[in-house]
Amino acid sequence: MITADDWTYIVTDIETDGPWPGPNSMRSFASVAVTASGERHGVFEAVLEPLPGAAPNPDTLAWFQTQGEAWAAATTDPRPVAEVLADFTAWVAQLPGRRMFAACPIAFDGTWFDYYLRRYTRYGLAQGPYESERLFDGPGLCLRSYAAAVTGLPVADAGPETLPPAWFGDVPHTHRAIDDALGYANLLVELFRRSAAATS
């Protein structure tokens, strides 16, 4: 039996200066709160100070030097991490319905976000059965995996490089967190629409 989708999806994109949470830092992120039908409940965007003792990965930093606008967007006017995450958790907590974190892919963005949440707040991304106070109600949604299921593409190929730009609302994938989060939010709604059409 198919039930109505009453979830609010917090579609999130992050920009980091390396591959490892802790030794490297998440420099910026953006989240778009959206329902399966496309109703938006707000946007959260932030630039974060680097973690204490962390340093950019040389290879990641070299790549960012070829993406000047993206690097500027990820590093201009950073705020203390604890302050950003306090504001973010308060924003998520006031969203309507059940709340689900979503990212593309969740294996990367979700790992970073869980690290930051657990280091600076009382929450995690996926919380265990004995953690009674939760920020997110669901286990998290991987948009790349969902796109692969809808299209039949291999998971590794189901991303902005291969899917039609219209599925992202024609929002360019710029590696600026807000641009990419908006595009992924549009993708989520399109995937829901196509899934519903296939089962109707």
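A short tour of the structure in this document, coming up. (Residues numbered from 1 in each chain as written. Predicted model: local features only at pLDDT ≥ 70, side-chain atom pairs only at ≥ 80, totals over all residues. Heavy atoms only, no water.)

Looking at the pattern of salt bridges
Close approach of charged atoms lets side chains of opposite charge pair. Rules: Between Lys or Arg on one side and Asp or Glu on the other, a salt bridge is scored when a side-chain nitrogen of the former is within 4 Å of a carboxyl oxygen of the latter. Burial classes follow relative accessibility: with a 1.4 Å probe on protein chains only, a residue under 20% of its type's maximum area counts as buried, one over 50% as exposed, and anything between as partly exposed.
According to the stated counting rule, one finds eleven salt bridges in the structure shown. Here D87 makes a salt bridge to R79, at a shortest N to O gap of 2.5 Å. A relative accessible area of 35% means that D87 is categorised as partly exposed. Between R144 and E161 there is a salt bridge; the shortest N-O distance is 3.9 Å.

A closer look at the nonpolar core
Defined as follows: We call a set of buried residues a nonpolar core when its members are Ala, Val, Leu, Ile, Met, Phe, Trp, Tyr or Cys and they connect through side-chain atoms within 4.5 Å of each other. Elements are defined by DSSP. Helices are runs of H or I of four residues or more, strands are runs of E of two residues or more, and each kind is numbered from the N terminus.
Judged by nonpolar contacts, the single largest core of 28 residues is most densely connected at Y9, V11, L141, L143, Y184, L187 and L188. Breaking this core down by element, the ones donating at least two residues are β1 (7–16), β2 (26–34), β4 (98–103), α5 (143–151) and α6 (177–199). In terms of residue count, α6 provides more of this core than any other element does, nine residues in total. One finds M26, V92, L95 and Y116 within the second-largest nonpolar core, a separate group that totals 26 residues.

Quick look at helix α4 (residues 106–120)
The criterion, for reference: Multiplying 1.5 Å by the residue count of a helix minus one yields the expected span of that helix. An arc is given here, and it is the one of the directions from the helix axis to the C-beta atoms.
Its 15 residues give α4 an end-to-end C-alpha distance of 20 Å, which sits within 8% of 21 Å, the value for a rise of 1.5 Å per residue. The set of residues buried in α4 consists of D109, G110, W112, F113, Y116 and L117. Burial along α4 is one-sided: seen end-on, the buried residues are contained in an arc of 160°.

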